[in-house]
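Notes for the structure review
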Protein chains: 2
Amino acid sequence: MCPFVDIEQITDASIDEYVECPVDSKLLNAKFQSLDYDNCENVLYQREERQKNHRQLLKQQFARWVVMCFIGIFTAIIACSIDIAIHRLSTVKYSLLKSYFDETMKTSYLFIPVLLWIAWNSGFVLIAAILVAYGEPVAAGSGIPQIKCFLNGVMIPHVVRLFTLFCKVVGVVLSVVGGLAIGKEGPMIHSGAVVAAGISQGRSSTFRRDFKIFTYFRTDTEKRDFVSGGAAAGVSAAFGAPVGGVLFSLEEGASFWNQALTWRIFFASMMSTFTLNMIQSYIHGVPWQLSYPGLLNFGQFSDISYTGAEIPIYLVMAVVGGLLGALFNHINLKLCIFRKRHIRTPLGQVLEAVLVAAMTAVAAFLLIYFVEDCQALGKDPIVHPLQMYCLDGQYSSMAAIWFQTPEQSVKSLFHDPPDSYRPLTVALFGIVYFLLATWTYGLSVPSGLFIPCLLTGAAWGRLIGISVRGVFPDAEWANPGKFALVGAAAQLGGVVRMTISLTVILIEATGSISFGFPIMIVLMVAKWVGDLFNEGLYDIHVKLAGVPILPWEPPHLTSNIMASEVMSHPVTTFDMNETVGHVVNVLKKDLHEGFPVVDHINPAPNQPGRSTFGLLRGTITRSQLIVLLKNKAFTDPTTGIRGSNRLTLDHFREIYPRFPKIEQIHITEREKACVINLVPYMNPAPYTVFDNTSLPRIFKLFRGLGLRHLVVVDKNNEVIGIVTRKDLARYRFESHKGSKGLEELQMSFN
Amino acid sequence: MCPFVDIEQITDASIDEYVECPVDSKLLNAKFQSLDYDNCENVLYQREERQKNHRQLLKQQFARWVVMCFIGIFTAIIACSIDIAIHRLSTVKYSLLKSYFDETMKTSYLFIPVLLWIAWNSGFVLIAAILVAYGEPVAAGSGIPQIKCFLNGVMIPHVVRLFTLFCKVVGVVLSVVGGLAIGKEGPMIHSGAVVAAGISQGRSSTFRRDFKIFTYFRTDTEKRDFVSGGAAAGVSAAFGAPVGGVLFSLEEGASFWNQALTWRIFFASMMSTFTLNMIQSYIHGVPWQLSYPGLLNFGQFSDISYTGAEIPIYLVMAVVGGLLGALFNHINLKLCIFRKRHIRTPLGQVLEAVLVAAMTAVAAFLLIYFVEDCQALGKDPIVHPLQMYCLDGQYSSMAAIWFQTPEQSVKSLFHDPPDSYRPLTVALFGIVYFLLATWTYGLSVPSGLFIPCLLTGAAWGRLIGISVRGVFPDAEWANPGKFALVGAAAQLGGVVRMTISLTVILIEATGSISFGFPIMIVLMVAKWVGDLFNEGLYDIHVKLAGVPILPWEPPHLTSNIMASEVMSHPVTTFDMNETVGHVVNVLKKDLHEGFPVVDHINPAPNQPGRSTFGLLRGTITRSQLIVLLKNKAFTDPTTGIRGSNRLTLDHFREIYPRFPKIEQIHITEREKACVINLVPYMNPAPYTVFDNTSLPRIFKLFRGLGLRHLVVVDKNNEVIGIVTRKDLARYRFESHKGSKGLEELQMSFN
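Residues numbered from 1 in each chain as written. Chains lettered and ligands numbered in written order. Predicted model: local features only at pLDDT ≥ 70, side-chain atom pairs only at ≥ 80, totals over all residues. Heavy atoms only, no water.

- An unreviewed UniProt entry lists chain A under the name Chloride channel protein, with Ridgeia piscesae as the source organism.
- Per UniProt, chain A carries the Sequence similarities (unreviewed entry) text "Belongs to the chloride channel (TC 2.A.49) family." (UniProt positions renumbered as here; feature names shortened; annotations may be inferred.)

Digging into the packing of aromatic side chains
- Evaluated as defined, the whole model comprises 60 aromatic pairs over all chains.
- Ring centres 6.3 Å apart and planes at 45° place the aromatic pair Phe652(B) and Tyr681(B) in the tilted group. Linking Phe652(B) in helix α24 (residues 649-655) with Tyr681(B) in the loop between β12 (675-677) and β13 (688-690), this pair joins segments that are 29 residues apart in sequence.
- Judged by relative accessible area, Phe652(B) falls into the buried class, the value being 11%.
- With a relative accessible area of 3%, Tyr681(B) lands in the buried category.
- Aromatic ring contacts, followed pair by pair, group Tyr94(A), Phe101(A), Trp117(A), Phe365(A), Tyr369(A), Phe370(A), Tyr389(A) and Phe403(A) into a single cluster.
- Over the face of the ring belonging to Tyr37(A) we find Arg224(A), whose NZ or CZ atom lies 4.0 Å from the ring centre.
- When the ring centre of Phe690(A) is taken as reference, the NZ or CZ atom of Lys715(A) above it lies at 4.0 Å. (Phe/Tyr/Trp six-rings, centres within 6.5 Å; stacked < 30°, edge-to-face > 60°. Helix = DSSP H or I, 4+ residues; strand = E, 2+ residues; numbered from the N terminus. Buried < 20%, exposed > 50% of the residue type's maximum accessible area, 1.4 Å probe, protein only. Lys NZ or Arg CZ within 6 Å of the ring centre and 35° of its normal.)

Description of the sheet that holds strand β8 (residues 574-575) of chain B
Residue and element names in this part refer to chain B.
- Spatial strand order, β8-β10-β11: three strands in an open sheet with mixed pairing. Looking along the sheet, the strands with just one partner apiece sit at the ends: β8 and β11 (615-621).
- Judged from the six bridges that link them, strand β10 (residues 594-599) and β11 form a sheet pairing that is antiparallel. Looking across to β11, one finds that Asp599 is bridged to Leu615. (Pairing = 2+ DSSP bridges.)

Comments concerning the state of the cysteines
Residue and element names in this part refer to chain A.
- Under the definition given, this model contains two disulfides over all chains.
- Between the sulfur atoms of Cys374 and its disulfide partner Cys390 the distance amounts to 2.0 Å. Because the sign of the S-S torsion sets the handedness, a value of about -85° for the bond joining Cys374 and Cys390 places this disulfide among the left-handed ones. With Cys374 in strand β6 (residues 374-376) and Cys390 in the loop between β6 and β7 (394-396), the pair connects residues that are 16 residues apart, well separated along the chain.
- With no disulfide of its own, Cys69 lies 16 Å from the sulfur of Cys80, the closest cysteine sulfur.
- Cys453 takes part in no disulfide bond, and the closest cysteine sulfur to it belongs to Cys336, at a distance of 14 Å.
- You can call Cys453 buried: its relative accessible area is 0%. (Disulfide = S-S within 2.5 Å.)

Topic: the interface of chain B and chain A
- With 95 residues of chain B at the interface, the matching set in chain A holds 95 residues.
- Summing both partners gives a buried area of about 8,500 Å² for chain B against chain A, and 65% of it is carried by carbon and sulfur.
- Our enumeration of links across chain B and chain A arrives at two salt bridges.
- Note that Asp38(B) is salt-bridged to Arg697(A), the shortest N-O span being 3.0 Å.
- Counting every contact that joins chain B to chain A gives 18 residue pairs in polar contact (both at pLDDT 80 or more).
- The class makeup of the residues in the side of chain B that touches chain A is 49 nonpolar, 29 polar and 17 charged. (Contact = heavy atoms within 4.5 Å. Buried area = accessible area lost by both parts, 1.4 Å probe. Salt bridge = Lys/Arg side-chain N within 4 Å of Asp/Glu carboxyl O. Polar contact = N/O pair within 3.5 Å; in protein donor to acceptor, adjacent residues only side chain to side chain. Nonpolar A, V, L, I, M, F, W, Y, C, P; charged D, E, K, R; others polar.)

Spelled out as structure tokens, the structure:
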């Protein structure tokens, strides 16, 4: 299964629809709910705000900093735990395998370590896949697309739950130890986001505990701010890149750059790096040295430099990276579509994951067995040197790449002495790893994308480096490790197509400012080249899942599309005083989340054009209505008895964000005749647009303010429609080969 | 005179008002025009957009990249020229002075070199001050506040003119060579912005040339995008910090983070670094080595490391930096207010600048004369070693700091061997330089703020470093140069209070990722401490000039302020068909820039509450009306003869952005009876808010979309007021000592 398609959402009907659809990322899934980043400033809110003074303001500000601090600390602790667990288990695995290989090498029982290897991989991956497929499907994949969607304003169910965190953390450890071609960085970022959501909301729905702290932060807006901090802390811990982390959050959160928030996100990032640094320094026996800022350690490139003559080579490598990245994305997309069609049960998903794990072991063994690349021991610190068929005092270079975690392999390709690998070794390794990685991303296990891309790129980059060294044998700059770094950047840039944040992350992770310029150029060109063919892999997966994500800018050539075409209509409206029965009926029938509240005036006799929609007075959301019904906040018109005292914002915060469904609320027949006064609860000043507003203007309003609904009114301020995120996300401008121009996506209601 | 207060704007009345005003930054200057970052999507625009196809879109996109490329290249060339000119002239200056000092040292004619020094300083600064005070007052100061205002949406007159660039470039060279305590970095950033505005608009109003290219980019929005790129390119050239440049632009441009634009800004930044690197490598005789990425070269800190035990010392230094920064800002503010009151003529400004230049020479000489700090020649590469009263083979350490550009002094304090300075030398130098720098910033010369802050900080930082070394004489980490770097960061952070962009700029400029974490902590703490007392210096100057800048977030405690209180009313409106005479009269009387266009329907008899304002149909701006009048786009109702063919957008672009005044347009009495149909030209779908919309909501709309006007309507969509940037900027929440809480600024119409 592809990441974050909820299995329950895929019905047979929808799959058929999918199969018939010519291109597969042309559907929007109507099931995804939007988040609302526009505060509802109703009477209750106004009242609370009016009572606020300078002191309370300071207290809230302080609480925000404290929460960010803890987010940083806990994210770092989790990231560290993942790292340590992987390190320990991998050491056990490769020591064991090495001893078996060494023992059986001279006999005919070589199949024993191979089987052991296959069994080890399959066993660990089996547990990881079961956790994900049966436990929490949203824990699959890297988590970055999901966080991207969350920050963009789409709620992916369960994405910030504690149980998801558990599955993700345990799953990624098992999967990496199970030898899959994946990294742990994406899952660390996702972990940061979950930690942030958990701490800031002061409760956990997995444990059904509510600590009643920070209730003020229980709005979509505040939660998003903290999740941004968590994601940044995750990046910071994973790559030792606090600045890159902030940029990552800002780039994805997009529409809300704000100095105070940026500063807090930065604080979370720094706390994360600092905590990690402390723990790692302690573990390495040098407490207080603080020389371990990040987990993804590419080693020092401080002696690296470059001359203008190398730039053309880098440009060629960037083009190669862009092409290979586009190819990677293309193959992965096809595989995901295949999976969606044919591997639809959790069992199937688990079996596929186990198959890939076994295949990885087999492929590695075959490469080690057939590629003869013997290097003298000693020049290079190999942890588990395997002799295989080499002479005494030598080790198999191919085995050395495989007998460590992918992250260590990246480091080896970057830093090993120039002649550590024969060209054939890195070439074959690169091809096999590329294919394994395309197959792996999208499996039902937690899996980061960075490391496999970097490793593939490092392999072909080193190959180019070896060739360059062959052409210029005496050139000091022709260091294969440097070309491996360029290749890694090109490949990663070609696959994920992130921009400035990725650049900063790579610069921080390599610790090399002086080499920053070539890395930037390579990332930019790789993105350009890749963009000619398809989109970044994260975007592909987001679209494949039909998430109504809003891009950065309004689609091109849409200025002549007006609100009247975009909006949903007719729209269900409520009167300012509405009977409970009507509310209940509407909520059961109409699936919208927001409703205009109107004033039905008598049509003026000299204005025959007036419709009966009513003048807009405000908007109210489904969740607000649910809370009103649940708390019986209505009046019996016959007796005048009020069912409940007036509600406060705390009533709404209490059940945020998991509001019950209308079917779960019991309303008696007698209550149905009661009347709810919506005025104190509705948003009395919603943003509106006229029916002749163009799509780009609506888009900017939506994107800039993080709206969930936008009421469309005519020139008399009468409600004629409502625009939601999905109405906007339907329009998409494609500029890739095969499908140029504006297109309108269909909704799938599976 | 303080930067960017136009001298003509200061009248006696306003000064008096100013004097009476208890605190001086509590006035908004009504003269500043806003920029409009919301495109007017009128019928003409719609028509043009409809005719666009995929090919044209590509062409425009391509043009954007080309323009960004040239912005980067030209900015780098200008930055390089400034650098080279300063370097050459300074070398001449100090060689000359040294030879005179050496000659006269043993005689009683020591006054000769001192007078020469004073004369040199005064002479150069005299020309710089004349250029600025009589030529272009807006070229004074660093330029960063002005660019900040521009990106925020306020037009500072002349800020992106070519003549301003000329004054700035020549002025900054002369001022630095004239020995003032200033840097060249701020002016370089300003230069980048001017270059960007010039290239993107394809014309120059200084030379009255219009190349008729890129006319499509003649809107405030497009211009802003390019100016962002130019500012980034400037930062990139000045500090060798391409990523920092992008962040600087984004941090100031704030509300428009957008991936495609970010990517283009990044491209401009990189082109700038690359060009600069090429030129510098060529000049240094190693073409293609590409080892000179930036002009502000702090030298390599690659061997720098730190341990946890140092963190507390850094924290203390950060607090000191914050306190000293706040003190710096306080003194500078008082001085600026003094200047505003008492030094109001260009002549006075020129004389003050010359006085400061002379005083700088005198102070330097006195320090050199009285402080005896002799060091052995040879350990440290001094360019102009001055023996003074030292023994043969020695040089005066105090003279060594003064006998070079401030930038080189920073480098010396960072990198000179531990015992190069006696504590007294750096202490006295630090105090004197601090005072000189506070006096200098705000003079009528182009003057960057970064270098004086860094130098002051480096001085007291090194002092602390020397002390630490005294306490831990054997500790390897107790390197005074490292503490100088920390002090420099703390001082700069304490003065300017920029956040993440500054961090990245400093990290890129020092080339030291591994030391990034302490720098971040120090900047953060210095900002916190400084913020307790006052604001960053740029913000102080912006407020002092009364610029209606919109901060990041709505002011606190304003949720209960409604649109009806914020808005200007009554508001002048136009009918959809309006007589020329009325339009001309309104434009002459009413100073607003935007007007609602309304439809006066007959009030419905059963709705007695209806006012006579009319239903909103659109908005039209003063500049649009001017273009209509200028092109006689009206119809004679009696004859039906149309005065002009229908206008296209090109008519508007042609005179953008310098629209004539209404007084400059000749309208005959006969024409006054004609009728203009505003419908094709007005913005038919303006953003609106209801009268009960809270200030924070209006603020978010304004800030998020870069609006210039926002029409306030009642529940019947009748126009009741208009909100402008100034209406919003009036509300300010102060949290500093002495003035806590929300305050409402007054407008000054001087």
